[in-house]
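Report on the structure
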Amino acid sequence: MASLTAGSTVVAIVAGLAVDGADVQASAGGGVATASATPTPTPSDTITMQTTVEPAQPIVRSAVIVADGSPAGPVTGGTVVTVTGTDLAAVTAASFGDNAAQVVSATADAVTLQAPAAAGLATGPVTVSLFVSSGASVTVAGGTAADGTSNSAAATAAIARAIEPSAESAITVPAVTAATAAPTLTFTYVPDPKITAQIDYVLAHWQNYNSDVYGSISGNDCVNFTSQSLIARGWTMDAEWNFTAGTYSTAWASSTAFAAYLTAHPERATPLTSAQRAEVKVGDIVQFDWDNSGDKDHTGIVTRVESTATGVEIYYAGHTNNTDYRSVDESVELTGAGVTYWSVA
């Protein structure tokens, strides 16, 4: 270290030492420290916060709308209905009660659905639910959230907080969870007039034969009776299936020939196996092969379908072995017969 001369001024030179907010720096060869001031940042007038944009939540804001203005249709299904709302283009599936419905179209403002057949052709109201691709159900305006508030009120409050946040609260937009909404959409199934006419005829004549009009085939009147019920339903005779002045076509009077006729006319009925019994509905046709030979030995009309804890129970009416509500399973247990069904259009 160099010695100090008497009378000289001592100056501490320390690189980077901050003195009163200034940086002290040494000048080359000058022996004197100089300070350069760094300005203090001025606080900004506004603080920009990053905004999180929540994805749009589809909401239904109308009742189920049918073309005639009433939210109802026949138990056989096929009724086209519409619901309206906001951000509904995300809807990918729907159900009427426990049955899946066809989504005909989905736009931002409206979803068009085709009602399925009612389970067992049962009448009455069912809940209509809409779903997005994740499986979450769509909120219905006016439904109740888990905390007891209405979904519409929760959504309004969330928007208000996002636009005008209070000084002491964070900016958060809680999502309205569709799964907590109480279902409010309903569709009412009403009797199909065709099936009503068919079953009314069956119950009126399963014991009291209408022989004055259609005659009777001794010991084998089951297909004659089934054919009569289909006339009551609205079917018209053709060259292969007919009855005229006491004369029956083969397809009108024979179970095997009737099955062949239906096979050739899928526009009238389509086959269902015993494994497809969950698809059977009131007014359909059931056929038995008593000896499992491949021929059809008996034909009946389905008069009741019930869903139970053990499966679907089907009951039928028929002539020859006169009955109005006989269990298909009971007949199978007694005879070991093979069973097929025809889903009537």
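This is a predicted model, so every value here is computed, not measured.

Next up on the list: the overall build of the chain. Looking only at helices and strands, the chain features seven helices and 21 strands. Residue pairs at least 24 apart in sequence account for 59% of intrachain contacts in the chain once pairs closer than 6 positions are excluded. Carbon and sulfur atoms provide 56% of the accessible area of the chain, an area that totals close to 18700 Å².

Here we come to the pairing of strand 17 (residues 285-289). Counting buried positions along strand 17 gives five out of five residues, so the element sits mostly inside the fold. Covered by surrounding structure in strand 17 are Ile285, Gln287 and Asp289 together with Val286 and Phe288, the residues of both alternating faces. Pairing geometry for strand 17 and strand 18 (residues 298-308), over four bridges, is antiparallel. Bridge pairing in strand 18 places isoleucine 285 opposite isoleucine 301. Of the pairings in the sheet, the one linking strand 17 to strand 21 (residues 338-344) comprises five bridges and is antiparallel in character. Bridge pairing links phenylalanine 288 to valine 339 in strand 21.

At a minimum axis distance of 7 Å, the contact between helix 2 (residues 193-205) and helix 4 (residues 222-233) shows a crossing angle of 140°. Of the two elements, helix 2 crosses helix 4, and the hand of that crossing is right-handed. Here Lys194, Ile195, Ala197, Gln198, Tyr201, Val202 and His205 of helix 2 lie close against helix 4, whose contacting residues are Phe225, Gln228, Ser229, Leu230, Ala232 and Arg233. Grouping the constituent residues of the contact of helix 2 with helix 4 by class yields seven nonpolar, four polar and two charged.

In this section: helix 6 (residues 255-264). Restricting attention to buried positions, one finds in helix 6 the residues Ser255, Ala257, Phe258, Ala259, Tyr261 and Leu262. The N-cap residue of helix 6 is serine 254: its side-chain oxygen and the backbone nitrogen of threonine 256 are 3.4 Å apart.

This part takes up the pattern of salt bridges. Any two side chains of opposite charge can pair if their charged atoms end up close together. Under the criterion given, the structure shown has three salt bridges. A salt bridge links aspartate 329 to arginine 277, with the shortest nitrogen-to-oxygen separation between them at 3.1 Å. Pair noted here: aspartate 329 is in helix 7 (residues 328-335) and arginine 277 is in the loop between strand 16 (269-273) and strand 17, with a separation of 52 residues, a long-range link. On the basis of relative accessibility, which here comes to 23%, the residue aspartate 329 falls in the partly exposed class. Taking relative accessible area as the criterion, arginine 277 reaches 18% and is therefore assigned buried.

Attention shifts here to the sheet that holds strand 20 (residues 323-327). Taken in spatial order, the six strands of this open sheet run 16-21-17-18-19-20, and their pairing is antiparallel. The sheet is open, and its two borders are formed by strand 16 and strand 20, each paired with just one other strand. Averaged over all adjacent pairs, the angle separating strand axes in this sheet is 35°, with direction ignored. The sheet contact formed by strand 19 (residues 311-318) and strand 20 spans three bridges and is antiparallel. Its bridge partner being in strand 20, tyrosine 315 is matched across the sheet by serine 327. Those strands touched by helix 2 are strand 18, strand 19 and strand 20, and its axis lies near 110° from that of strand 18. Helix-sheet contacts for helix 7 involve strand 17, strand 19, strand 20 and strand 21, and the interaxial angle to strand 20 is about 70°.

Scored by pLDDT, the chain has a mean of 79; 72% of the residues are at 70 or more. Below pLDDT 50 for its whole length, residues 143-174 participates in 28 contacts with residues either more than four positions away or in separate chains. The low-confidence segment residues 176-181 (pLDDT under 50) makes 17 contacts with residues lying over four places distant or belonging to another chain.

A separate point is helix 4. Between its first and last C-alpha atoms helix 4 spans 17 Å; for 12 residues at 1.5 Å apiece the expected length is 16 Å, and the two agree. Across the 12 residues of helix 4, 10 count as buried, placing the element largely inside the fold. Within the sequence span of helix 4, burial applies to Cys222, Val223, Asn224, Phe225, Thr226, Ser227, Gln228, Ser229, Leu230 and Arg233.

On the secondary structure map, threonine 226 appears in helix 4. If we ignore the near neighbours within four places in the chain, the residues touching threonine 226 are Phe258, Ile285, Thr299, Gly300 and Ile301.

What the rule picks out here adds up to 12 aromatic pairs. Between the aromatic rings of tryptophan 241 and tyrosine 261, the centroid separation amounts to 6.3 Å while the plane-to-plane angle is 20°, which identifies the pairing as stacked. Highlighted residues: tryptophan 241 in the loop between helix 4 and strand 14 (243-244) and tyrosine 261 in helix 6, separated in sequence by 20 residues. On the basis of relative accessibility, which here comes to 0%, the residue tryptophan 241 falls in the buried class. A centroid spacing of 5.0 Å and a plane angle of 10° characterise the contact between phenylalanine 288 and tryptophan 290, whose relative ring orientation is stacked. On the basis of relative accessibility, which here comes to 0%, the residue phenylalanine 288 falls in the buried class. Taken together, the ring pairs connect Tyr214, Trp235, Trp241, Phe243, Tyr248, Trp252 and Tyr261 into an aromatic cluster. Here the basic side chain of arginine 304 rests over the ring of tyrosine 315, its NZ or CZ set 5.3 Å away from the ring centre. Note that arginine 304 overlies the ring of tyrosine 325, its terminal NZ or CZ placed 4.3 Å from the centroid.

About the thresholds
Residues numbered from 1 in each chain as written. Predicted model: local features only at pLDDT ≥ 70, side-chain atom pairs only at ≥ 80, totals over all residues. Heavy atoms only, no water. Helix = DSSP H or I, 4+ residues; strand = E, 2+ residues; numbered from the N terminus. Contact = heavy atoms within 4.5 Å. Areas by Shrake-Rupley, 256 points an atom, 1.4 Å probe, with all protein chains shown as cover. Buried < 20%, exposed > 50% of the residue type's maximum accessible area, 1.4 Å probe, protein only. Pairing = 2+ DSSP bridges. Axes fitted to C-alpha atoms, helices over the stretch in contact; angles between N-to-C directions. Left-handed = near helix turned anticlockwise from the far one by under 90°. Nonpolar A, V, L, I, M, F, W, Y, C, P; charged D, E, K, R; others polar. Polar contact = N/O pair within 3.5 Å; in protein donor to acceptor, adjacent residues only side chain to side chain. Salt bridge = Lys/Arg side-chain N within 4 Å of Asp/Glu carboxyl O. pLDDT = per-residue confidence, 0-100. Expected span 1.5 Å × (residues − 1). Phe/Tyr/Trp six-rings, centres within 6.5 Å; stacked < 30°, edge-to-face > 60°. Lys NZ or Arg CZ within 6 Å of the ring centre and 35° of its normal.

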